[in-house]
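Observations on the three-dimensional arrangement
Listed below, chain by chain, are the residues.
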Amino acid sequence: MMKSNTKITIYGKQDGTRIASRVLEEKIQQAIGKGYRHLEIEALGQHGIAGRLHAAKDETVYVRINGTCGQRTGSMGFPNTTIEIFGAASDDIGWLNAGAEIIIHGNASNGVCNAMAQGRVSVAGNIGARGMTMTKENPRFQPPELWVLGSTGDYFGEFMAGGTAVVCGWEAQDKENVLGYRPLVGMVGGRVFFRGPIKGYSQGDAKMAVITDDEWLWLSESLKSYLARIGKEEIHPKLARRDDWQLIKARSPQEKMAGTSRSMAAFKHEVWDAELGKGGLIGDLSDQDMSHIPVITTGDLRRFVPVWENKKYVSPCQGACPSGIPVQDRWGLVRNGLVDEAVDLALHYTPFPATVCGFLCPNPCMSACTKQIASMPSINVKQLGKASIGAKVPELPEATGSKVAVIGGGPAGISVAWQLRMAGHDPVVFDTNPTLGGKMAAVIPESRIPKEVLDAELSRIREVLPHIHLQQELTSREMERMKGDHDFIVVATGAQKPRMLPVTGKEKMIPGNIFLADAKEEKANPGKIVVIIGAGNSACDAATEAYRCGAKQVTLIDIAEPASFGEEREAAEKAGATFKWPCLTREITDKGVLLEDGEFLEADTVIISIGDVVDEAFLPSTVALGENGYVIVDENGQTTDPAIFAIGDITGLGLITEAIGAGRRAAETIDAISRGEKPKGRNPREVIDKGRMNLAYFDPRLSTFKDLEKCGTECSSCGSCRDCGVCVTVCPKEAIKRVETGDLMVPFEYRVNANRCIGCGFCADACPCGIWHLITNTPLG
């Protein structure tokens, strides 16, 4: 490389030897990475020169290529990139071009602009076969353009789906046929301006059109710019006569359907055999019968039948959500501009959509997102969770149902009380703490949940639940009195007693929840060195808070590899905490922790955070406990006492969102019993197979989502129809029709006309949501 202040020259050979295409590509990318935006390439047949210069981002890049460039020069070119080739060009110039300007001062070989989507290619000569094939265009961007001074080779514009081609016919290679043999076969979009004679084109796919005044204005002005790019301004007067130009456009689908279609048998006889001879490609090797196979196309004789299975299955995100929130339905509302409705919908499933979904939940819904199978980022539900701070309280029915005592004001207790009140019952919440919210309010650091967010949701909860009694001590006698005053009791007191180690000096340890509560009230003074016994997520919270309260060194020890994960683990490690395992504690002293292997860990404060256990002293004898000390419940939270339910950590440690989901199921069971119905067991709908979704419609380049609208657009809506109409579009027999149902819950459906459907499965293959399922038809007879 030779550097200068304005440009860099990169050579295609080194020490007299041609370098590989890969090496030249690396040199070009390195130059772009160093800030060069004017590159001169002395090429020696290398492939793929100057494509994918994404490191320049929005800055303008100019690339001049001298010598001989190889295939696919400018392939996948980026906007703001200009590539100028001083000489002839090889095959596939501008392949998959995504916005680059490519200028060729000479002829170009085969495949020019193959599959181009944006950008412009200008050729100061002729091009080879299959130019402008399979091009496409996005209405949000300028369509692709190809300008050819001379003529094109055979099969020009094959399967062209968009863009504009201009063939000037100047000093054409074939002066009697400027578009070559069999142009525009399979053309479905775009347009071709040309000057000079042609010998036919695919009239079933394309048609001659009159050049309108607007089209001529565009062509004449653009022609001046094109000739300036290739340095041929002097011939403009000879090319600027309107009467010399003709225009071909693609036929519309309706126009194609109106024409006479050719049968397979006729195609084989009139086209296939006529072109290749009897027997086709291998006619000289085999005399096997190559006639077409008859296909039974419609009705009861179809081999396969497409079935519209809208909402038959649960999306992976909803299936993974312990609270059962229909995540894809919320994104569907966002996608349709109903952001407020998407926010409010969450309150039917959880009283804490912002606190939990937006901040505290590890979001198993995102871990289950279908898009991960294509290495795309999960749709960010935390954005929707945080937006739910503004959710409005739903209209509440009159409280005429059962009286229910809810013991515990944490997420589980509030969840069951919330759902009971929404169902028309009269819950009363009792809690021993001075504040509502359980560990979320008393223990979890504000670094994980902003105080204003939790306070706002607790305020909304108090609007729905007016009967809340705090600092209520609970005894077994009080429980018996409550049973007489209420129809049901729901115990949601969590696991409040810290689990301790039976070691010498255990009284010197501070339970993790006590330390976190003190830290939240700015009462903690851990000293400079802290050892935490336990390395789960709660222990990570304690480590983060210890650093905030002045600690300089925090070590978390555990008997096995730590089970912590997610934001809690990341925050602890970012603060500086170290993890050590396996470690068995022998003794706690005034100076630290002595391990069983003799190692001594110095500490000013020793915190223990190895979990909590149930305080069962207040429970009546009718409520049975398991060998592990947790309350025994059925799938709906009902204990061995039919009038008492238990939910949350008192039945086994779990996530906050699991406690919220348990509250909803318990409320549904109490509501069913109150109405004299049999409670429904947990029989969730089957989760849809991720392989049914087609993710080809979504942007693989995204790594983050800037707003709710982008999240809604990029959600594949697994198992729930987006009403995109792709199935209608791709059906080759027009057998699918969208029908308005008049039902507010299901306002539309897609129906199949069995007399037109051939069971090809295009609908199932193309559906982004996995709604269509191709099943084997019922055998006749």
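Positions within a chain are numbered from 1, following the residues in the order the chain's sequence is written. Only residues with pLDDT of at least 70 get local features here, since the model is predicted, and only at 80 or more are side-chain atom pairs given and counted; chain-wide, interface and lining totals rely on the full set of residues. Remark: hydrogens and water are excluded; side-chain values derive from all non-hydrogen atoms of the structure.

Take the overall build of the chain next. Strands are runs of DSSP state E lasting at least 2 residues, helices are runs of H or I lasting at least 4, and numbering of each runs from the N terminus. Scanning the chain from N- to C-terminus turns up 22 helices and 33 strands. The quantity called the radius of gyration is restricted to C-alpha atoms. Its globule counterpart is 2.2 Å times the number of residues to the power 0.38. The C-alpha radius of gyration computed for the chain amounts to 36 Å, which surpasses the reference 28 Å derived for 781 residues by more than 25%, pointing to a less compact arrangement than a globule. With respect to the three principal axes, the spread of C-alpha positions in the chain is 105 × 75 × 55 Å. Burial classes: relative accessible area under 20% of the type maximum marks a residue as buried, over 50% as exposed, and values in between as partly exposed (1.4 Å probe, protein chains only). Scored against the burial criterion, the 781 residues of the chain give a buried share of 49%. The contacts of the chain with a sequence gap of at least 6 include a subset with a gap of at least 24, amounting to 62%. Every accessible area reported is derived by Shrake-Rupley at a probe size of 1.4 Å, with residue values counting cover from the shown protein chains alone. For the chain, the accessible surface area stands at approximately 38100 Å², while carbon and sulfur atoms represent 51% of it. Only four residue types enter the charge count: Lys and Arg as positive, Asp and Glu as negative, with His and the chain ends excluded. Where a charge sits is defined by one atom per residue type, namely NZ (Lys), CZ (Arg), CG (Asp) or CD (Glu). Between the mean site of the 86 positive side-chain charges and the mean site of the 97 negative ones, the chain shows a separation of 5 Å. Working rule for contacts: check all heavy atoms of both residues, and any pair within 4.5 Å makes them a contact.

Next up on the list: helix α9 (residues 353-360). Burial analysis of α9 places eight of its eight residues in the buried class, the great majority of the element. The inward-facing, buried residues of α9 contact α11 (381-387), α13 (439-442), α14 (451-464), α18 (566-575) and α19 (656-674).

This part is about the sheet that holds strand β26 (residues 592-595). Strands are labelled as partners when DSSP assigns at least two bridges between them. The antiparallel open sheet is built from three strands, whose spatial order is β25-β26-β27. Across the chains shown, the open sheet's two edge strands, defined by having one partner strand only, are β25 (585-589) and β27 (600-602). In this sheet, neighbouring strand axes are inclined to one another by 20° on average, regardless of whether the strands run parallel or antiparallel. Relative to β26, β25 runs antiparallel, the two sharing four bridges. Pairing of I588 across the sheet is with V593, part of β26. All axes here are fitted lines through C-alpha atoms, helices being fitted over the stretch that makes contact, and every angle between N-to-C directions spans 0 to 180 degrees.

Further remarks concern helix α12 (residues 411-422). Helices are assigned an expected span. That span is 1.5 Å times one less than the residue count. The end-to-end C-alpha separation of α12 is 16 Å, in line with the 16 Å expected for 12 residues at 1.5 Å each. A large share of α12 lies buried, amounting to 12 of its 12 residues. Packed against the buried residues of α12 are β16 (403-407), β17 (426-430), α13, α14, β19 (488-491) and α19. Just past α12, the residue G424 takes up positive phi, approximately 95°.

Throughout this description, the term nonpolar core refers to a set of buried Ala, Val, Leu, Ile, Met, Phe, Trp, Tyr and Cys residues connected via side-chain atoms within 4.5 Å. Core analysis: the largest hydrophobic core is formed by 55 residues, its most contacted members being W331, F352, V416, I461, V490 and I647. Residue contributions to this core peak at seven residues, all from α12. In contact with W331, other than residues within four places in its own chain, are I379, N380, V381, L384, L708, C711, G712 and C715.

Just distances and angles here, no functional claims.
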